[in-house]
Amino acid sequence: MSRKIVIGDIHGALKALEQLIERFGLKKSDELIFIGDFVDGWSESAQVIDYLIDLEKTNRCIFIKGNHDAWAEEWLNTDQADSEWVRHGGKETINSYEGASKEQIENHLWFFSKMPYYVRDRDNRLFVHAGFSSMHGPDQEHFDSNFFWDRTLWELALATDNNLKKDSKFYPKRLKIYKEVFIGHTPTTNYDIEIPMQAHNVWNVDTGAAFRGRLTALDVETKKYWQSDPVWKLYPNENGRNK
């Protein structure tokens, strides 16, 4: 039986990704949805992209674009490094491309360029890196950058009273559009939680791999999840995005 598995923010942690895939026992029938932020933080960002390009040859994969991916794509295209990006993991990404061939860089640019901002499945579930701000859904979003920067959807879900009924005039319209929404972008470790979080119909699978947390994979149907070791333990001589 095929599984649909969503994977959280990787942030250059190839060792964690390989460990995670081994732990959930990847099958050729599995569909994998990566929620974005493949790069920036740990030392193997370029190697993560190589790995994912190869993985797509054996499995159906969807790679959602995150804000860090957009930053890295801009740098690869222009050779101009945004100063904020450099401070938030871009430096390690730049270092990971040292000695990269022109062909490798072209392949990575192709990989980044084809990433969607969001996808919907047949069961009316949305997969997006950060969120969306339009009450009418992402198709009517005014600013594409909200798909990988918005935190208001997640904060709205967290702040909405669990006792509020969906037919109430006060129930947020954004939470009514989809059966479920799967996001990353905001580490659950910000709330001292190391596993996927659910708030109403929104699931957050960024469990802080860039910092002191783990990389997570979640079965969309069953909600069973798997995790890597704490990523910093896999890279003991690095800081990731920890300051």
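None of the values given here were measured: they were computed from a predicted structure. (Residues numbered from 1 in each chain as written. Predicted model: local features only at pLDDT ≥ 70, side-chain atom pairs only at ≥ 80, totals over all residues. Heavy atoms only, no water.)

Caption draft 1: Just the environment of His-108, in detail. Structurally, His-108 is set in helix 5 (residues 102–113). Contact partners of His-108, with chain neighbours within four places excluded, come to Ala-46, Ile-49, Asp-50, Ile-53, Leu-76 and Tyr-97. (Helix = DSSP H or I, 4+ residues; strand = E, 2+ residues; numbered from the N terminus. Contact = heavy atoms within 4.5 Å.)

Caption draft 2: Representation of the packing of helix 3 (residues 67–78) against helix 4 (residues 83–96) in the model. It is at 11 Å that the axes of helix 3 and helix 4 come closest, and there the two elements cross at 65°. As summarised for this structure, helix 3 and helix 4 are arranged roughly perpendicular, according to the angle between their axes. Helix 4 is crossed by helix 3, and the crossing has right-handed handedness. Here His-68, Trp-71, Ala-72 and Trp-75 of helix 3 come into contact with helix 4, specifically with Glu-84, Trp-85, His-88 and Ile-94. Tallied by class, the residues present in the contact of helix 3 with helix 4 amount to five nonpolar, two polar and one charged. (Axes fitted to C-alpha atoms, helices over the stretch in contact; angles between N-to-C directions. Parallel < 35°, antiparallel > 145°, perpendicular 65-115°, else oblique. Left-handed = near helix turned anticlockwise from the far one by under 90°. Nonpolar A, V, L, I, M, F, W, Y, C, P; charged D, E, K, R; others polar.)

Caption draft 3: Examining helix 7 (residues 152–159) more closely. Inspection of helix 7 places Leu-153, Trp-154 and Ala-157 among the buried residues, and these make up the whole buried set. Angularly, the buried residues of helix 7 cover 95° about the axis, an arc narrow enough to put them on a single face. The inward-facing, buried residues of helix 7 abut strand 6 (180–183), strand 7 (197–199) and strand 8 (202–204). (Buried < 20%, exposed > 50% of the residue type's maximum accessible area, 1.4 Å probe, protein only. Arc of directions from axis to C-beta.)

Caption draft 4: Quick peek at the sheet that holds strand 3 (residues 60–63). If you trace the five strands from one edge of the open sheet to the other, you get 3-2-1-9-10, paired in mixed fashion. Whereas interior strands pair on both sides, the edge strands pair on one side only; in this sheet they are strand 3 and strand 10 (225–227). Neighbour-to-neighbour, the strand axes of the sheet open up by a mean angle of 20°, direction not taken into account. Note: strand 2 (residues 31–34) against strand 3, four bridges, orientation parallel. Paired with Leu-32 across the bridge in strand 3 is Cys-61. (Pairing = 2+ DSSP bridges.)

Any link to function would need more than the numbers given here.
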